[in-house]
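Summary of the model geometry
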Amino acid sequence: MITMKNIIREGNPTLRARAKEVTFPMTNEQKDLAHKMMEFLENSQNPEIAEKYKLRAGVGLAAPQVDVSLRMTAVLVPDEHDKPLFKHVLVNPTIMSESVRMAALSEGEGCLSVDRDVPGYVPRHDKITLRWFDLDGNKHVDKLRDYPAIVCQHEIDHLNGILFFDHINTKNPFKVAENTIILG
Ligand code: NB4
Ligand code: NI
């Protein structure tokens, strides 16, 4: 299983690299990694398992975070009743279109690869149209908004070597642009 020991941290060059496209058919090793990434998210959101293995809670995990430079990310966004709102491993995800309106989480963002608090709003597109492939190479197109859209943008950033604090306004971390809504 994946634990915090397997997750690389800020300063490791893999986190700043552009990850490579996955080619189909995926290898068994790649599929296995995809399943283990989703399993990590499930475990991290289970209070008993998270406590036992000292896992930080996560709603997303990108392959570069476990030092595999491939365009693949697991996303597990629960709703208030812990029923998944969006639960998929996205392979080669691409944002096809995005809203002009931006959104940011009121609490800012954290990252499993960043061991410090970086306060500030992280402006992201409020709505995105996302194209992605599943492990069998089937193409999917989803329109996402608000929280799931923000999570997917954080994860796709990892595939492009971008970390959340790259988006925070350095002069005024809590500055709100006029086209930005604050969520949460
Ligand atoms: C990715 C997220 C950071 C901001 C928003 C949030 C948590 C992460 C990083 C957008 C994407 C991981 C991957 C949470 C969390 C709410 C839902 C369900 C029950 C606890 C869980 C806590 F843990 N971010 N952590 N950070 N990343 N919400 N929740 N809750 O997930 O670095 O690249 O279990
Ligand atoms: Ni992250």
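A brief look at the structure comes next. For clarity, every value in this text was computed on a predicted model and none was experimentally measured.

The next point concerns the environment of V75. By the element assignment, V75 lies in strand β2 (residues 72–78). Residue classification places V75 among the buried positions, given a relative accessible area of 0%. When the C-alpha positions of V75 and L85 are compared, they lie 10.0 Å apart, and in sequence the two are 10 residues distant. Setting aside anything within four residues of it in sequence, one finds V75 in contact with M38, L41, V59, G60, F86, K87, H88, L90, V151, C152 and E155.

Taken together, 17 residues lie near ligand 1, and V59, Q65, L112, E155 and H158 sit nearest. Interatomic distance of 3.2 Å between a backbone N/O atom of A57 and a nitrogen atom of ligand 1. A distance of 3.1 Å separates a nitrogen atom of ligand 1 from a polar side-chain atom of Y147. For ligand 1, whose free accessible area comes to 670 Å², the fraction covered by protein is 78%. Per-element accounting of the shell around ligand 1 gives the leading share, five residues, to helix α3 (residues 146–159). Residues of the shell around ligand 1, tallied by class, amount to eight nonpolar, seven polar and two charged.

Spatially, five strands are ordered β1-β2-β3-β6-β7 in an open sheet, and the strand pairing comes out antiparallel. Each edge of the open sheet carries a strand with a single partner, namely β1 (60–62) and β7 (139–145). Strand-to-strand, the axes of this sheet are offset by a mean angle of 40 degrees, without reference to chain direction. Where helix α1 (residues 28–44) meets the sheet, it contacts β1, β2 and β3 (84–98), and its direction lies at approximately 25 degrees from that of β2.

Glancing now at the coordination of the nickel ion (ligand 2). C111 (SG), H154 (NE2) and H158 (NE2) make up the full set of protein donors to the nickel ion (ligand 2), lying at 2.1 to 2.4 Å. Coordination geometry of the nickel ion (ligand 2): the six donor atoms subtend angles of 27 to 148 degrees at the metal centre, consistent with an arrangement described as irregular. Linear spacing of the donor residues for the nickel ion (ligand 2) on their chain is C-x42-H-x3-H. One end of the pair, C111, is in the loop between β4 (102–105) and β5 (124–125); the other, H154, is in helix α3, with 43 residues separating them in the sequence.

What follows is about unusual backbone geometry. At the junction of F24 and P25, the peptide bond is cis and its omega measures out at 0 degrees in the coordinates. Residue placement: P25 occurs in the segment before α1. Look at D146: it is not a glycine, yet its phi comes out positive at around 55 degrees. Secondary-structure assignment places D146 in helix α3.

Each value, and the rule that gives it
Residues numbered from 1 in each chain as written. Chains lettered and ligands numbered in written order. Predicted model: local features only at pLDDT ≥ 70, side-chain atom pairs only at ≥ 80, totals over all residues. Heavy atoms only, no water. Helix = DSSP H or I, 4+ residues; strand = E, 2+ residues; numbered from the N terminus. Buried < 20%, exposed > 50% of the residue type's maximum accessible area, 1.4 Å probe, protein only. Contact = heavy atoms within 4.5 Å. Near = heavy atom within 4 Å. Polar contact = N/O pair within 3.5 Å; in protein donor to acceptor, adjacent residues only side chain to side chain. Areas by Shrake-Rupley, 256 points an atom, 1.4 Å probe, with all protein chains shown as cover. Nonpolar A, V, L, I, M, F, W, Y, C, P; charged D, E, K, R; others polar. Pairing = 2+ DSSP bridges. Axes fitted to C-alpha atoms, helices over the stretch in contact; angles between N-to-C directions. Donors = N, O, S within 2.8 Å, 3.2 Å for Na, K, Ca; no water. Tetrahedral: all angles 85-135°; square planar, octahedral: opposite > 155°, others 65-115°.

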